[in-house]
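Chain residues, written in single-letter form:
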Amino acid sequence: MKLSEHADHTEKVVGVRAEDIHKWIDRFFDLEGFDNFLRHGKTDGFDPYGHRKYLHCVEALDDAYKEFEGKYSKEQIKGVFETHLKDDYDGYLPVQSDFEDGYFNEKYHEHEDDSVSERILSKTELDEYFSDKFYKAVKNRRKSTTNTQFWFGLFLPTIAAILLFVSSIFVLILPQFKDNLLDQKRLMIRELTASASSVIHHYIRQVENGDLKLLEAQDRAVREISSLRYGDENKDYFWITDMHPRMVMHPYRVDLTGKDLSSYVDDENKSGKLLFVEFVKLVEDANEGYLEYYWQWKDDPQRMAPKLSYVRGIPEWGWIIGTGVYTNDVDHEIGRLTRKILIAFTFITVGLVILLLYLLRQSLRIEKKRKMAETGLIEAKDRYRTLVEASNEGYILELEGDHVYSNLAFQRMLGCSEEESLSREIWSSIIPDLPVNKVARLNLQNVFRGRTVRGEFEARAKKHNGEFVDVVMRVSRIFFSEKNGHVISLRPIVRKTADLIEPLVRDSSIGEDNSFPNLLSEIQISESEGHVVRLLNKLPGLIENEITHSTDAATIRDLIAKAYNETVRRYIQLALRDLDEPPVKFSFLSLGSAARREMTLFSDQDNALIFEDGDPDELENNRKYFLQLTNRVCSKLDQAGFPFCQGGIMAANPKWCLSLSEWSDNVAEKFSNADSDSLLEVNIFLDFHHLYGDSELPAALQENIFALAERHPVFLACFARSYLDNKLPLNVFGQLKTKRRDGMQKLNIKECLAPIVVFARIYALKYKIESAATVERLKLLHEKGVLQKDTYEKMVDAFSYFWRLRFNSQLREHSDLRTIDDTINIDDLSDTERHDCRKMLSSFSTYYSKVSFDFLGVDPSLVE
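Numbering of residues begins from 1 in every chain and follows the order in which that chain's sequence is written. Only residues with pLDDT of 70 or above have their local features reported here, since the model is predicted, and side-chain atom pairs are shown and tallied only from 80 upward, although totals for entire chains, interfaces and linings are computed over all residues. Excluded from the side-chain calculations are hydrogens and water; all other atoms, namely the structure's heavy atoms, are used.

## Quick word on the overall build of the chain
Next up, step 1: Looking only at helices and strands, the chain features 31 helices and 17 strands.
Next up, step 2: Calculation of accessible area relied on Shrake-Rupley with a 1.4 Å probe; when residues are assessed, cover is drawn exclusively from the protein chains displayed. Per element, the accessible surface of the chain, about 44,500 Å² overall, is 51% carbon and sulfur. Secondary structure elements are defined from DSSP: runs of H or I of at least 4 residues count as helices, runs of E of at least 2 residues count as strands, and each element is numbered from the N terminus.

## Brief notes about the pattern of salt bridges
Opposite charge on two side chains lets them pair, provided their charged atoms get close.
Next up, step 1: Any carboxyl oxygen of Asp or Glu that lies within 4 Å of a side-chain nitrogen of Lys or Arg is treated as forming a salt bridge with it. In total, this model carries 34 salt bridges according to the counting rule given.
Next up, step 2: Taking the shortest distance from any N to any O, the salt bridge between Glu292 and Arg186 comes out at 3.7 Å. On the criterion of sequence distance, the pair formed by Glu292 in strand S3 (residues 288-297) and Arg186 in helix H9 (residues 146-208) is long-range, its members being 106 residues apart.
Next up, step 3: The rule is simple: take the accessible area with a 1.4 Å probe, protein chains only, and divide by the maximum for that residue type; under 20% is buried, over 50% is exposed, in between is partly exposed. Taking relative accessible area as the criterion, Glu292 reaches 42% and is therefore assigned partly exposed.
Next up, step 4: Note that Lys794 and Asp790 form a salt bridge whose closest N and O atoms lie 3.4 Å from each other. Highlighted residues: Lys794 and Asp790, both in helix H29 (residues 789-815), separated by four residues, approximately one helical turn.
Next up, step 5: Residue Lys794 is classed as partly exposed on the basis of its relative accessible area of 49%.
Next up, step 6: In this structure Asp790 comes out as partly exposed when scored by relative accessible area, which is 45%.
Next up, step 7: Among the charged side chains, a network of salt bridges with common partners joins Arg596, Glu598, Asp687, Arg761 and Arg777.

## Remarks on helix H25 (residues 696-711)
Next up, step 1: The end-to-end C-alpha distance of H25 is 22 Å, a good match for the 22 Å that 16 residues give at a rise of 1.5 Å each.
Next up, step 2: Taken residue by residue, H25 has Leu697, Pro698, Leu701, Gln702, Ile705, Phe706, Leu708 and Ala709 as its buried positions. Here a helix's expected span is defined as the number of its residues, less one, multiplied by 1.5 Å.

## Section: a nonpolar patch on the surface
Next up, step 1: Here a patch means residues that are over 30% exposed by relative accessible area and free of salt bridges, tied together within 9 Å if like-charged and within 5 Å if nonpolar (Val, Leu, Ile, Met, Phe, Trp, Tyr). A cluster of nonpolar side chains, namely Phe170, Val171, Leu172, Ile173 and Leu342, defines an oily patch on the protein surface of about 470 Å² accessible area.
Next up, step 2: Here the element with the most residues in the nonpolar patch is H9; it accounts for four residues.
Next up, step 3: Position of Leu342 among the secondary structure elements: in helix H12 (residues 328-390).

## Re the sheet that holds strand S17 (residues 823-825)
Next up, step 1: Between any two strands, pairing holds if DSSP finds at least two bridges. Taken together, the three strands give an open sheet; going across it, the order is S15-S16-S17, and neighbouring strands pair in antiparallel fashion. Lying at the two open borders of the sheet, with one neighbouring strand each, are strand S15 (739-741) and S17. Pairs of neighbouring strands in the sheet enclose a mean axial angle of 50 degrees, with direction left out of account.
Next up, step 2: In terms of strand pairing, strand S16 (residues 744-748) meets S17 through three bridges, oriented antiparallel. If you follow Leu747 over to S17, its bridge partner there is Ile824.
Next up, step 3: Residues count as neighbours in contact if any of their non-hydrogen atoms are within 4.5 Å of one another. Helix axes are fitted to C-alpha atoms over the stretch in contact, other axes to C-alpha atoms as well, and angles between N-to-C directions run from 0 to 180 degrees. Across the sheet, helix H27 (residues 749-766) lies against S16 and S17, angled at about 15 degrees from S16, the strand it touches most.

## Some thoughts on empty space enclosed by the protein
Next up, step 1: Using a grid of 1 Å spacing that covers the protein atoms alone, one calls a set of points a cavity when a 1.4 Å probe fits there but cannot get out, and a pocket when the set is open and has protein on both sides within 12 Å along at least five of seven lines; lining residues are those with an atom within 4 Å of a point. Grid points are joined across faces, edges and corners, and a volume is the space filled by probe spheres set on the points. Within the structure shown, the criterion is met by four cavities of 30 Å³ or more.
Next up, step 2: For the largest cavity, the calculated volume is near 90 Å³.
Next up, step 3: Elements with a minimum of two residues in the lining of the largest cavity: helix H23 (660-672) and helix H24 (676-685).
Next up, step 4: Top contributing element to the lining of the largest cavity by residue count: H23, with five residues.
Next up, step 5: For the lining of the largest cavity, the class distribution of residues is eight nonpolar, one polar and two charged.
Next up, step 6: Taken as a whole, the second largest cavity spans an internal volume of roughly 70 Å³.
Next up, step 7: For the second largest cavity, the full set of lining residues is Leu686, Phe688, Gln702, Phe706, Arg761, Ala764, Leu765, Ile769, Glu770, Ser771, Ala772 and Arg777.
Next up, step 8: Elements represented by at least two residues in the lining of the second largest cavity include exactly H25 and H27.
Next up, step 9: Considering every element that reaches the lining of the second largest cavity, the biggest residue donor is H27, with three residues. Classification convention: Asp, Glu, Lys, Arg as charged; Ala, Val, Leu, Ile, Met, Phe, Trp, Tyr, Cys, Pro as nonpolar; all other residues, Gly among them, as polar.

## What to know about the packing of aromatic side chains
Next up, step 1: Two rings from Phe, Tyr or Trp (for Trp, the six-membered ring) form a pair when their centres are within 6.5 Å of each other. A pair whose planes differ by under 30 degrees is stacked, one over 60 is edge-to-face, and the rest are tilted. Under the counting rule described, the total for this entry stands at 33 aromatic pairs.
Next up, step 2: Considering the side-chain rings of Phe276 and Phe279, the 5.8 Å spacing of their centres and the 80 degrees angle between planes classify their relative orientation as edge-to-face. Here Phe279 and Phe276 lie together in helix H11 (residues 275-286), a separation of three residues that amounts to about one turn. A single burial state applies to Phe276 and to Phe279, both of which are buried.
Next up, step 3: Look at Tyr723 and Tyr848: their rings are 4.8 Å apart centre to centre, the planes differ by 25 degrees, and that puts the pair in the stacked class. Taken together, the residues span a long stretch of sequence, with Tyr723 in helix H26 (residues 713-725) and Tyr848 in helix H31 (residues 845-856) at a distance of 125 residues.
Next up, step 4: Judged by its relative accessible area of 9%, Tyr848 falls in the buried class.

## Examining the sheet that holds strand S9 (residues 468-479)
Next up, step 1: The strand order S7-S6-S10-S9-S8 describes an open sheet built from five strands, whose pairing is antiparallel. Strands at the two margins of the open sheet, each flanked by one partner only, are strand S7 (402-406) and strand S8 (455-462). Neighbouring strand axes in the sheet, compared pairwise and without regard to direction, differ in orientation by 30 degrees on average.
Next up, step 2: Summarising the sheet, strand S6 (residues 394-399) and strand S10 (residues 484-492) pair through six bridges and their orientation is antiparallel. Within the sheet, the bridge partner assigned to Leu399 lies in S10 and is Gly485.

## Considerations on the packing of helix H17 (residues 516-525) against helix H20 (residues 553-577)
Next up, step 1: Their axes nearest at 8 Å, the elements H17 and H20 cross at an angle of 15 degrees. When the axis of H17 is compared with that of H20, the two are roughly parallel. As for the relative orientation of H17 and H20, their crossing is right-handed in sense. Facing Phe516, Leu520, Ile523, Gln524 and Ile525 of H17, the residues of H20 in contact are Leu559, Lys562, Ala563, Glu566, Thr567, Arg570 and Gln573.
Next up, step 2: Residues of the contact of H17 with H20, tallied by class, amount to six nonpolar, three polar and three charged. For classification, angles of less than 35 degrees are called roughly parallel, those exceeding 145 degrees roughly antiparallel, those between 65 and 115 degrees roughly perpendicular, and all remaining angles oblique. Crossings are classed by handedness, with left-handed meaning an anticlockwise turn of the near helix from the far one by less than a right angle and right-handed meaning a clockwise turn.

Structure below.
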């Protein structure tokens with residue numbers, strides 16, 4: 001949809017065109033690349049819709065508010081933003097996660113992509129279907145009576161349409177045309193008679209004024225009216241009778257002057273009307289009127305012709321004045337038009353017959369191909385059904401709130417019939433109201449309310465016989481051509497007792513040397529992204545080996561971080577091979593746990609990109625280049641097992657792909673306005689690590705951040721206050737604070753790590769420590785004398801302890817096919833581990849006291 005069309009629509013809906021908002025939403029659209037895509041199809045590495053992921057989603061609305069604050073009201077921004085998205089997505093408002101959904105992309109972005117790998121029928125099979133091989137076999141198995149029906153089904157409606165068209169011309173159009181011509185004549189003679197009667201009224205006023213005697217005035221009026229003429233030949237006239245009726249004046253029939261016209265008929269062989277008597281009746285009834293009759297043709301008494309006359313009464317003198325026009329020209333015009341229509345109809349009919357015969361021939365071919373395609377589609381449908389039915393997982397297909405399909409595995413798993421499985425009420429019985437099913441029931445409610453739902457969670461399903469089975473429920477959104485819906489799958493949980501790390505080991509056959517240094521070396525020289533993925537499959541095995549040898553947590557973190565960093569660098573190098581030279585210098589950064597070297601095997605990716613300022617006029621073009629680069633890198637990282645960040649904190653997001661000046665301005669604004677939102681973003685960005693490119697760019701930004709912190713001590717105070725507001729996960733009795741989730745009491749390990757991570761971050765900002773790693777920051781703080789040795793060692797031990805708990809918990813969740821997150825089931829902890837957790841968390845109050853004193857100058861017990 002063009003920008004002008006978007007603006008036209010929002011002007012009607014919202015009341016503003018807001019073209020600048022539309023440009024902002026589509027500002028990274030690659031028009032040249034899209035035109036090439038339309039001409040040549042999709043090419044490797046180019047996604048014509050890649051610009052949409054971070055701006056064509058409801059999550060971008062907050063950014064739109066900030067961008068256009070003060071220029072438009074919030075209601076206007078929201079209206080324009082949502083109208084633009086609904087125009088592009090058939091009334092649907094996408095969320096960011098939709099762009100990772102294959103059904104969504106297939107419906108809105110990939111309808112021209114005929115990838116052979118996605119066909120359920122091979123190219124050879126399709127060729128065989130359309131070359132008649134299979135169709136003839138099907139056709140021979142049933143009687144073919146469709147040809148005659150097809151001919152009549154197409155031919156008869158066409159003939160009927162032609163006849164109806166012609167009939168409408170003669171029954172509706174021509175009579176209407178004739179009436180219009182007569183109406184024009186009626187109007188003309190009425191106006192002419194009005195003009196002539198004004199002459200008589202002139203003499204009537206002279207009599208009333210005493211200027212003329214009655215007889216003299218009438219004589220003058222008669223002579224003046226008798227001389228009036230009009231028409232093409234100047235032979236049309238007016239006549240006057242009285243109410244008896246007697247002829248007062250007729251310019252062509254002077255023989256009727258003074259005669260009684262009560263029995264005068266127009267033409268006994270035509271209509272036999274007592275026309276002058278009819279004139280009197282018209283005047284007596286309404287003082288005027290029209291009458292159709294036959295009269296001599298102008299001044300030729302030998303020729304009679306149809307005539308339409310208008311008469312008007314002159315009550316002061318008891319006269320009737322009238323005039324008329326001949327209507328035979330109307331009949332001549334209708335006849336001439338009819339002949340032309342008949343001639344045109346003859347040619348049109350011949351042309352239509354020829355076209356019809358051609359269409360019939362083509363339609364027969366199309367019908368034949370349609371039946372062949374239908375045979376192939378039935379085969380494809382049967383294969384799809386076979387694939388679904390052969391699955392061990394139970395599937396329900398939901399479209400706009402209705403169940404339309406369930407497979408046998410679903411019915412067998414729960415012991416229900418197909419009819420029962422297609423009822424929405426089945427969920428209340430198979431997913432009963434149990435604590436473990438709280439999340440599942442909430443998500444099912446959202447599904448049937450039409451809200452966007454994607455995810456995987458555990459539930460306890462109740463069979464028809466009353467037995468329970470633990471399942472993993474997965475909800476995926478689907479986008480068909482006409483309807484949207486969900487696929488809901490149920491997979492029985494099989495608890496494993498094998499070594500926790502074993503399920504992660506997928507391929508350890510690459511290369512003879514399975515040492516970690518060799519893994520990094522092979523990644524560095526890998527020639528394809530796929531080969532990098534296969535190399536990373538060795539990482540779990542290497543980690544398993546380290547765990548077996550009781551390697552400390554720091555070493556494990558370091559192994560994972562190095563593998564991730566080398567993977568990112570190699571992906572950037574491979575991506576740059578397929579692109580033009582970078583327009584300016586750039587730096588690819590790791591953020592968050594990747595920058596702090598605290599990743600686990602299940603961490604997502606957090607990254608950003610800084611590029612050199614360069615020519616201001618080329619800013620957006622430069623950004624488009626780097627977004628193309630980062631989109632490739634982030635997508636490949638996702639395929640390699642480092643998932644997309646759910647919060648969109650990735651260099652492929654325009655919000656995190658900025659020039660050095662933009663980054664500096666952005667950070668300066670956050671330091672100047674220390675609110676909760678700015679603190680959240682700064683918290684994310686203060687942990688960054690240069691991975692690839694020009695290291696001077698992040699160094700310049702780091703220096704700028706330290707200078708801002710020095711100039712804005714209020715920001716550090718707000719940062720510290722925010723730190724103190726985040727309470728430890730302990731209740732008032734000093735016990736571990738848990739939340740019930742998926743039927744289990746869970747402790748959030750991230751909340752246990754945060755006091756140490758944020759503590760190190762705040763002091764690193766104050767003391768200008770460039771390292772992003774938490775442990776390294778604590779070490780440097782100890783060396784600077786900020787932390788005593790005992791405090792430093794306790795913080796490092798606590799950090800490693802909680803990180804190890806998190807790491808082991810995620811391995812356990814992966815092994816048990818549960819959702820992997822940053823929480824741990826409290827029942828999985830031994831009594832000793834629980835005691836250690838409480839003891840360590842209780843000691844964290846010392847860190848809170850130090851932050852409160854160093855940044856706020858008060859004891860934390862006095863701060864609420």
